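# Chains, contacts and geometry: an overview
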Amino acid sequence: MLQNTDNLKWEMYDFLRSELDIASCYKTVLAASVIIYLTETEYDEKAVLTKSEEIIQESLSKISDPEIKKFVIENFADSSKYPNNRFFLKRFLSNNVKKNIAQFIADFNIDEEVGRRGEIIETPRGVATLAAKFLDIQNSDEVGDMFCGTFGFIAEAEKLNSHAKYTGYEINYELYLISKIRSFILGENTSVIQKDLVCTPEERFDKIFCDGPMIPLEVIKNNFELNMTSEWRIGLLLSSNSTKLATWPLPLSMMDYLKEGGRACFVMPFGFLSTSIASSIRNIMLGFDSAYPNFAFIEGIVELPENTYSGTGVKFCLLILSKKKNKSIRIVNASDFRTLNRRKKSVITNDYINQIIDCYKNDSKYSKSISYEEIIKGNSDLVPAMYLAPKINFHNPTVRLVDIVAISRGAQLLSSELELITSEEKTNVRYLMLGNIQDGTIDGTLPYLKSGKENKFKSAIIDKKTLLIQKNGFPLKIAVVNASKENQFLISGNLFMLIPNESKVNVYYLKAFFESKIGQELLQRISRGTTIPTINMSALENLEIPLPPIEKQNLIEKKYLEKEAVVKELKEKLSIAKKEIGRVLEAEMGV
């Protein structure tokens, strides 16, 4: 008994694995499924073998669309290309399969086998269903899927409302054909159009879903016709120097397709919410850019679990946009709302989907509303965790870090460059790398810079007492460099340099604070990324820390240095003891 359509897919794949490359199996399975779907007469297994050609031709005669017919012939019906098609029909042309085949085609998802190899990245079923529920599709709605891929979103949305009108757009011909077949099965309320969307929109929709391609912006600039009439779209998409991925400007671009008062859901790389490169796009969408004062489209943000998509390790979020001027944003951290499948990928089940929707409607530890004033204070950072973290109350007044220290980054040097600028002779500049920091102190094996080479790296050379903080990874290395005019240091690029205003803050107070449990938690809160967390420089500058009176800070320095001296003494004793252990046998036995 067939339990679900996924079981049928794997049975078909297993049947074909020995004959076809896995990357093309899905085409044969889909083409064969159309033949089975259109076969009305019942046949026993023996009859299928003898009448397979007749069965195939009968089904082909019912396909009026020439593109679908060509796909079915090339990938299954033509026995010269797939000689064993009759054996496939013998195995799967049964009443049990036939009664489920329409749902099988409607549910057909190829990301498990093809997407995980990076050839096609399809919207996961859980993400598509979640987006459809957020859109709250009504019977009279016209719904557009702007990069429909293999029709996954529309197939899921149609289950929730089969009366609305759905239109998918896809430029890739192979994906367009798969969408066309699924639309053929789903019925007359669905359609797919092969079309570029970076052009003047002719259609308008009540609801939009968009899971756009993660392609470099240069691809858009080089390969699409510049026939857009909307000036802000031209400037945004084709002249932006503040973004690398075409995905980032897509929400604004696609808003031209949305009717006034309409709603849209966009799947975006999680980095969009905080990276400085995308800040100009975020500011436009938030209405913070004076050139676009009427924009404030972001209604909500949902942080999705990591490893949700096959074929990529990129973390994603869901943007809910509405074509009106929003005054606040609803945020949900759904990063833990998942189960793992057999490939260790995150799956958002129906139970988790309902929990996410409930969190979006009601405040919880995972969700809340944030005002635009809070977002401005957060420097347009939209990561939910930043706003959902419990507030830390300090006994002393707080200040922004940028108001008491000058913050900059070190210099990025290739190993080949380093060889050219270092010297065995002593100079007044040495090169300090992350590896030179051990247990909060700096070792003495630092290479010297050749005289005259320091001017090239002037911005990364320090000549006064400075706090260094590791830029990425956890736990973070932190150290104080006692630099001076006679003893300068060139700092490597994976370190932040915090030069204190000594009239306001003691550098050792800063070190003690950031090494503390609270300090480490604050640094984690402003770090972005899942694989390698990286401190966001803008967030570091705006980080609020407690600032006791300078006399108290100086006392903290005194006690800190006393304890540091004890640690140093114990390390030296430990080092001596380790060396002596190796000489015990030699000393006692004369060996």
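Preceding this section is the structure that the text describes.
Structural notes, computed from the coordinates.

### Quick look at the pattern of salt bridges
Using the criterion set out here, one finds 25 salt bridges in the structure. One salt bridge connects Glu156 with Arg125, and the closest N-O pair in it is separated by 3.6 Å. Taken together, the residues span a long stretch of sequence, with Glu156 in helix H9 (residues 152–160) and Arg125 in helix H8 (residues 125–135) at a distance of 31 residues. With a closest N to O distance of 2.8 Å, Lys511 and Glu515 form a salt bridge. Placement of both Lys511 and Glu515 in helix H19 (residues 507–515) is noted, with a separation of four residues, approximately one turn of the helix. Since its relative accessible area comes to 2%, Lys511 is described here as buried. Classification of Glu515 by relative accessible area gives partly exposed; the value is 33%. Because the salt bridges share partners, they merge into one network encompassing Asp107, Arg125, Glu156 and Lys159.

### Examining the packing of aromatic side chains
Taken as a whole and judged by the stated rule, the model has 21 aromatic pairs. Between Phe15 and Phe88, the aromatic rings sit 5.6 Å apart at their centres with planes inclined by 85 degrees, giving edge-to-face as the arrangement. Pair noted here: Phe15 is in helix H1 (residues 5–16) and Phe88 is in helix H6 (residues 85–92), with a separation of 73 residues, a long-range link. On the basis of relative accessible area, Phe15 is assigned to the partly exposed category, the value being 25%. Aromatic pair Phe337 and Tyr366: ring centres 4.9 Å apart, planes at 85 degrees, arrangement edge-to-face. Here the residue Phe337 occupies a position in the loop between strand E8 (328–333) and strand E9 (339–340), and Tyr366 occupies one in the loop between helix H15 (350–361) and strand E11 (367–371), the gap between them amounting to 29 residues. Clustering of aromatic rings is evident, with ring pairs tying together Phe15, Phe76, Tyr82, Phe88 and Phe92. A cation sits over an aromatic face here: Lys315 above Phe270, 5.3 Å from the ring centre.

### Remarks on the nonpolar core
Judged by nonpolar contacts, the single largest core of 80 residues is most densely connected at Met12, Val72, Phe76, Phe134, Phe153, Val302 and Ile356. Broken down by element, this core gets its largest block of residues, 10 residues, from helix H2 (residues 22–38). With near-sequence residues (within four places) excluded, Val302 lies in contact with Phe134, Cys317, Leu318, Ile320, Val332, Ala334 and Ile356. Grouped together as the second largest cluster of nonpolar side chains are 40 residues, Met254, Leu286, Tyr372 and Tyr387 included.

### A closer look at the pairing of strand E22 (residues 488–491)
Because side chains alternate across E22, one face comprises the buried residues Gln488 and Leu490, and the other comprises Phe489 and Ile491, equally buried. With four bridges joining them, strand E15 (residues 429–432) and E22 adopt parallel strand pairing. Bridged to Arg430 within E22 is Phe489. Of the strand pairs in this sheet, strand E19 (residues 461–462) and E22 are connected by two bridges, and their pairing is antiparallel. Its bridge partner lying in E22, Ile462 is registered against Phe489.

### What to know about the environment of Pro124
Checked against the element boundaries, Pro124 lands in the loop between helix H7 (95–106) and H8. Separated by 224 residues in sequence, Pro124 and Ile348 place their C-alpha atoms 8.6 Å apart. Setting aside residues up to four positions removed in sequence, Pro124 forms contacts with Thr308 and Tyr309.

### Digging into the sheet that holds strand E3 (residues 190–193)
The strand order E3-E2-E1-E4-E5-E7-E6-E8-E11 describes an open sheet built from nine strands, whose pairing is mixed. Two strands bound the open sheet, and with one partner strand each, they are E3 and E11. Across the sheet, the axes of successive neighbouring strands diverge by a mean angle of 15 degrees, strand direction being ignored. Sheet strands in contact with H9 are strand E1 (142–145), strand E2 (165–169), E3 and strand E4 (205–210), and its direction is about 170 degrees off that of E2.

Calculation rules
- Residues numbered from 1 in each chain as written.
- Predicted model: local features only at pLDDT ≥ 70, side-chain atom pairs only at ≥ 80, totals over all residues.
- Heavy atoms only, no water.
- Salt bridge = Lys/Arg side-chain N within 4 Å of Asp/Glu carboxyl O.
- Helix = DSSP H or I, 4+ residues; strand = E, 2+ residues; numbered from the N terminus.
- Buried < 20%, exposed > 50% of the residue type's maximum accessible area, 1.4 Å probe, protein only.
- Phe/Tyr/Trp six-rings, centres within 6.5 Å; stacked < 30°, edge-to-face > 60°.
- Lys NZ or Arg CZ within 6 Å of the ring centre and 35° of its normal.
- Core = buried A, V, L, I, M, F, W, Y, C linked by side-chain atoms within 4.5 Å.
- Contact = heavy atoms within 4.5 Å.
- Pairing = 2+ DSSP bridges.
- Axes fitted to C-alpha atoms, helices over the stretch in contact; angles between N-to-C directions.

Coordinates in, geometry out; function isn't part of it.
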